[in-house]
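# Tertiary structure, described
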Amino acid sequence: MARAAVSGGLTVRRAWRAARLIERRTETATASTLVLEVPGWPGHLAGQHVDVRLTAPDGYQAARSYSLAAPANGDRVEITVQRVPDGEVSSYLADEARSGDSVELRGPVGGWFVWKPEDNGPVLLVAGGSGVVPLMAMIRSRDGVSFAPFRLIYSVRTPEDQIYHQELRRRATQDGELDVTVIYTRSAPEGEQRPVGRIGADDLVSHGWPADVEPACYVCGPTAFVEAVSDLLVALGHDPAKIKTERFGPSGP
Amino acid sequence: MGIFTRGFGGRRRDSNQQLPPGQYLTRDFPVLSAGPTPRIPLDAWEFTVTTELGESHQWSWTELMALPAESITVDIHCVTRWSKLGTAWRGVSLETLLADVETGADFALAHSYGGYTTNLPLEDLLDGKAWVAYAYDGEELAPEHGGPARLLVPHLYFWKSAKWVRGIELMNQDSPGFWEQLGYHDYGDPWREQRYQGD
Amino acid sequence: MNEQTDEVAMYDGNTLAGPLSEVFAVELTTAVGRCRSCGTSSQVATFRVYGPEPGLVGRCPHCEDVLMRLVRTPDSLWLDFSGISALRISMPTDAAGS
């Protein structure tokens, strides 16, 4: 962390670092992954996030938090940005930012909502919309270092809203200890058995872990989703101390 | 100072002369809060003015509704930089509420249901500058915007227009309220851009 | 619950991680704070957080009283932790020679 000398011999941590966009990947019509190069990146844990700050020519600044989408990889940092209607930062990152552009990054931060490969034991991941991003970092960080059984329940509005769709299918096919279930709240693909609708206790029972297995649970997404799922898990007998949540704020329209 | 981000313009900055420095026009009505929305049944609602001598004057909802009310159209300016011009409200002027209150105090601290407070000079509540407002845009004031009633002091940054207002405490000394304790300006004139302490 | 009103805090203590990292060298979201009001101890990450504007307010998940407040101005960071009577931060145990 860079330090600046301040008079009197006091040093102040310089929290914001320059990050250069080196690659973008379209995930869905509204979400893109940005790969940033951050010299001196100290590494991070799956589940952590960064704050991204943009500065306009007149000095106006706007900052938003984005979860890290992939495990630590030298100076490369990946975030997946969902465009939010009227979102001044997400629109810029999802649509405007080009390779070579620089933004400022603060982090990695957030030491509670993390999964480490040393954590043994089954894991339940419940994602609402863009809440899948930090959970995907957890799944990706498992590669080759852990065989902990993971079950992901991913709630989306429509099939087109699924981020990491192909990668999740590939991983679930190849990895016997990873189960991925996608549930649809507004429209489902042809042949989908489950009726369209919000996540319920049945979904957690059918595709999650029984409470007596005592899984580590991670729930992430819009605030109302997170609240509802936490309540359902507790009602199903999961220990509240084993449920970790990250609220992304209000859901979009 | 941060590095400039190519291609980022931020909110469209209106060079509209009607706006105080650093503000932009918004079409919606953002909701900012410091806590859960209080729900106050009207039959339990009270508004209390307490003087520096400890005398109190109280109005129930029914009593508030019986007072002469005004319909006003004002511009409002939030310290977070959004402004709305020509917003329509209905409420009872603080002149009316303070008419029979004897006080030598110079300052006021507004108190809200839920614990929020904000301070301002007493004279900024008088002379047609402030209301206890209970209707916005022709409708009952919604809870997320401060209903059943909020303080409305449009000539100052909007954090002074305390939502869910429950009373005014008159004081001889200025006493910083919820945000003023944490760095926001004691007065808050948008035209002098008094956002933070020391501005 | 009605998603349109702020019946429930929009954020949680994870949102505090970035702003707090500007001044604290240690990770605080895993710290445990005791509410001065009701005495319940909760991890900072579970605080009910309102904001981020005009400031961040962290409230007790048990009684909703204010535990902490944070405001970032152009030249300062203002912090109030007075709603927390005690904060416990896990520290690495010192090993000889480290």
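Please refer to the structure higher up on the page.
Residues numbered from 1 in each chain as written. Chains lettered and ligands numbered in written order. Predicted model: local features only at pLDDT ≥ 70, side-chain atom pairs only at ≥ 80, totals over all residues.

### Describing the nonpolar core
Of all hydrophobic cores here, the largest spans 135 residues; its most connected members are L125(A), L135(A), L152(A), Y218(A) and V132(B). Here this core takes 7 residues from helix 2 (residues 132–142) of chain A, the largest share from any one element. When residues are assigned to domains, this core turns out to be shared by domain 1 (12–109) and domain 2 (123–247) of chain A, each giving three or more. Among all residues touching L135(A), those that are not within four sequence positions of it are L125(A), A127(A), L152(A), Y218(A) and C220(A). (Core = buried A, V, L, I, M, F, W, Y, C linked by C-beta atoms within 7 Å. Buried ≥ 20, exposed ≤ 12 C-beta atoms within 10 Å, placed from the backbone. Helix = DSSP H or I, 4+ residues; strand = E, 2+ residues; numbered from the N terminus. Domains from an automatic or database assignment. Contact = placed C-beta atoms within 7 Å.)

### Topic: the interface of chain B and chain C
Where interface size is given, it is often the accessible area lost as the parts come together that is meant. At the junction of the two partners, chain B supplies 18 residues and chain C supplies 16 residues. Taken together, the residues of the side of chain B that touches chain C sort by class into 11 nonpolar, 6 polar and 1 charged. (Nonpolar A, V, L, I, M, F, W, Y, C, P; charged D, E, K, R; others polar.)

### Overview of the interface of chain C and chain A
Chain C puts 17 residues into the contact, and the matching count from chain A is 20 residues. Tallied by class, residues from the side of chain C that touches chain A come to 6 nonpolar, 7 polar and 4 charged.

### Considering the sheet that holds strand 3 (residues 41–43) of chain C
Residues and elements named next belong to chain C. If you trace the 3 strands from one edge of the open sheet to the other, you get 3-2-8, paired in antiparallel fashion. Every interior strand has two partners, whereas the edge strands, strand 3 and strand 8 (84–88), have only one. Ignoring which end each strand starts from, the neighbouring axes of this sheet average 25 degrees apart. Pairing analysis gives 3 bridges linking strand 2 (residues 32–35) to strand 3, with the strands arranged antiparallel. Bridging from a neighbouring strand, R34 pairs with S41 of strand 3. (Pairing = 2+ DSSP bridges. Axes fitted to C-alpha atoms, helices over the stretch in contact; angles between N-to-C directions.)

### Describing the sheet that holds strand 7 (residues 76–82) of chain A
Either a parallel or an antiparallel arrangement is found when strands of a sheet pair, and the pairing is made through backbone hydrogen bonds. Residues and elements named next belong to chain A. Strand order in the open sheet formed by 6 strands is 6-5-8-3-4-7, with antiparallel pairing between adjacent strands. If you trace the sheet from one side to the other, it starts and ends with strand 6 (61–67) and strand 7, each paired once. The mean inter-strand angle of the sheet, taken between neighbouring strand axes irrespective of direction, is 40 degrees. Examined bridge by bridge, strand 5 (residues 49–55) and strand 8 (residues 102–109) share 4 bridges and lie antiparallel to one another.

### Thoughts on the pairing of strand 2 (residues 46–50) of chain B
Residues and elements named next belong to chain B. Two strands pair when backbone bridges link them, and strand 2 and strand 3 (residues 56–60) are joined in this way by 5 bridges, in the antiparallel orientation. Its bridge partner lying in strand 3, E46 is registered against S60. Between strand 2 and the antiparallel strand that follows it, strand 3, lie 5 residues; G54 among them carries a positive phi value of about 90 degrees. Both strand 2 and strand 11 (residues 165–171) contribute to a ladder of 3 bridges, which runs parallel.

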